[in-house]
Structures are given as structure tokens and as C-alpha cells.
Amino acid sequence: MTSDLADPHLLDELTTIASTAGAAIMQVRKAGAAIRTKADASPVTEADEAAEAIILAGLERTLPGITVVSEEAASQGTLPDLQDIFILVDPLDGTREFIDGRDEFTVNIAIVRNGRPVAGIVGAPALGIIWRGAMGTGSDRIRLRPGAAAKDADERMVLRTQAHRKGPWRAMVSRSHLDPRTEQWLTRFPAVERMDCGSSVKFCRIAEGAADVYPRLGRTSEWDIAAGDAVLSAAGGAVLTPEGEPVHYGQIARDLKVPCFVAWCDAADASKYS
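Model, not experiment: these values are computed from the prediction.

Asks: Explain the overall build of the protein to me, please; I cannot follow it from the model alone.
Replies: When helices and strands are tallied, the protein shows 9 helices and 16 strands. Against the compact-globule benchmark of 19 Å for 274 residues, the protein has a radius of gyration of 17 Å, which places it among compact chains. Viewed in the frame of its principal axes, the protein has a C-alpha envelope of about 50 × 40 × 40 Å. For the protein, with 274 residues in total, the buried portion stands at 54%. In the protein, of all internal contacts separated by at least 6 residues, the share reaching a separation of at least 24 is 63%. Accessible area of the protein: about 11,900 Å², with a carbon and sulfur share of 48%. The positive charge centre, built from 30 side chains, and the negative charge centre, built from 38, are 5 Å apart in the protein.

Okay, here's the thing in C-alpha cells:
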């Protein structure tokens, strides 16, 4: 199992799975998605379910025997026992953006080992972009048509974060979940340029160097952020608790919820402002 995770072709295989799921989402978008409300009052569409089915089948072929926790399956109320290695999946992160006709929705796949994401894929099918990251090998951004295999990527850019320099802090904030605690937290910076965005694209913009920080002081689920954490951390950034500790995944006792976190372009900045 460990050797599979070290396979240099694994990210490409996960990329192709995410791309295929993204194509299914775009098909539903074109046809018009019927919307339902889950028990937690969040929306779900057939795009979420179609993408999840594709991802679960692909992971069974690619990484058989590794436990997968996916949002829509978990919403049925049963969480599996987790081993040291497991996979977190959000088949359609940013469902509200998808419903509203925006392009900031993503397919998230993350491999977690010993509580930390060691590889992650964030695919934005409406943008034709996939961000990828793996511990020890770094992060990149590729342009890929939804449904195409990783080998058919049009371009690839290596990602590396930079510490904040002079000027306002470029802060990614949630378009759908901005709360007063997060607003208050941002007042620690002398000047802030707010950048509204949905889904895990926020992590990826920091990994690209287009933003500096992303605070989320409200509760979210592990599958929402693990892939973005993997991409950003492999690019040189950090995803930490407000106290400056790494976010740990697989917390069954709290139903795989993350109370709050801050994504940083650089760990040194986190030490200064936490």
C-alpha cells in the first residue's frame, strides 16, 4: 500500500479520475441540475452523485483496499473505521457556486496518511484547470479539458508560495460562508485586500502566489479542505489551526469536522500573526 502511494504515476491516475468526474458534472450542468436538500440543510444535485460514483469506482481500481470517505456517502450518517491511510473525497465542492452558475466549484480527492494529507487533487472543470500536490514532490497546475487524461494536459506550471511582502494582505474569503469571527480575525493585518471565492480554489490561489491567506473561523468538513491542504502544503504553504498547529484529519470523534483553520502562504507569516 505504501509503495502505491510512492508511485510517481499516482497523481496522474488521480488526475484522470478527477477529470472524468468533472466531465460528468459539466454534462449535468448543461442539462440542468435538479436540486435537493440534505438533512444538514445543504444542497445536493445529481452532479454530486454522478461525480462521486465515478470517483469511487476509479479509486477502487487505482487504490484497492484503501478506505474512502466521500461527502455524499458520509451524509447518509455512517462513517467507516479509518486506518493510518485513507482517502477523503468531495465530489463537488462549491455546490452553491455550481447552482448559482459560477465556475468556482471543484472535484477534491486527498490521500491522508497518519492524519495529514500526503497527496491531493483539486479539479475545476468549468475553468479547465487541475491543481495537484504531493508530499516530497511539490505542486503544479495543469490545464486539462474535462474528461481528458492527465497525459493530454495542455500546459503545466510548478507552484511555489512566497512569504507576504509589502502592501495589503491578499485574503481569500468564502463567498458563501463568511462569518463575523473571520471578519474580526482579519483586523490583525494593517491592510487587507479581500478576494471573494468559493470552494477549494481559495487554497490553490495561495499556492499559485495570487493570495496570501485564507481564514475560515467557522466549522467545515475534512473532505472540503484536505485536497486543498495537500496542494498548498506541497507548494510551501501551511494550513493551521488559529493556534498555529497543523490540521489533523481522520477525527471520527468530531464526525470529521474541522472547527476552524487558517491557510497561509508561508509558515513564518503564521508564526508572526497567529
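Asks: Please explain the packing of helix α2 (residues 10-31) against helix α3 (residues 46-62) as it appears in this structure.
Replies: Helix packing for two helices is described by the angle between their axes and how far apart those axes are. At their nearest, the axes of α2 and α3 sit 8 Å apart, and the two run at 155 degrees to each other. It follows from the interaxial angle that α2 and α3 lie roughly antiparallel. As for the relative orientation of α2 and α3, their crossing is right-handed in sense. In this structure, α2 uses L10, E13, L14, I17, T20, A21, A24, I25 and V28 to contact α3, whose residues at the interface are E46, A47, A50, A51, I54, I55, G58, L59 and T62. Residue composition of the contact of α2 with α3, grouped by class: 13 nonpolar, 3 polar and 2 charged.

Asks: Is there a simple way to explain the sheet that holds strand β6 (residues 116-124) in this structure?
Replies: The pairing of strands in a sheet happens through backbone hydrogen bonds and is either parallel or antiparallel. Spatial ordering of the open sheet is given by β3-β4-β5-β6-β7-β8-β9, a layout of 7 strands whose pairing is mixed. Edge positions in the open sheet fall to β3 (67-70) and β9 (155-159), since each of these has one partner strand only. Ignoring which end each strand starts from, the neighbouring axes of this sheet average 15 degrees apart. Of the pairings in the sheet, the one linking strand β7 (residues 129-134) to strand β8 (residues 138-143) comprises 6 bridges and is antiparallel in character. From the neighbouring strand, G133 faces β8, where its bridge partner is S139. Along the sheet, α2 makes contact with β4 (85-93), β5 (106-113), β6, β7 and β8, crossing β5 at roughly 150 degrees.

Criteria and thresholds
- Residues numbered from 1 in each chain as written.
- Predicted model: local features only at pLDDT ≥ 70, side-chain atom pairs only at ≥ 80, totals over all residues.
- Heavy atoms only, no water.
- Helix = DSSP H or I, 4+ residues; strand = E, 2+ residues; numbered from the N terminus.
- Rg over C-alpha atoms; globule rule 2.2 N^0.38 Å.
- Buried < 20%, exposed > 50% of the residue type's maximum accessible area, 1.4 Å probe, protein only.
- Contact = heavy atoms within 4.5 Å.
- Areas by Shrake-Rupley, 256 points an atom, 1.4 Å probe, with all protein chains shown as cover.
- Lys, Arg positive; Asp, Glu negative; His and termini not counted.
- Charge placed at Lys NZ, Arg CZ, Asp CG, Glu CD.
- Axes fitted to C-alpha atoms, helices over the stretch in contact; angles between N-to-C directions.
- Parallel < 35°, antiparallel > 145°, perpendicular 65-115°, else oblique.
- Left-handed = near helix turned anticlockwise from the far one by under 90°.
- Nonpolar A, V, L, I, M, F, W, Y, C, P; charged D, E, K, R; others polar.
- Pairing = 2+ DSSP bridges.

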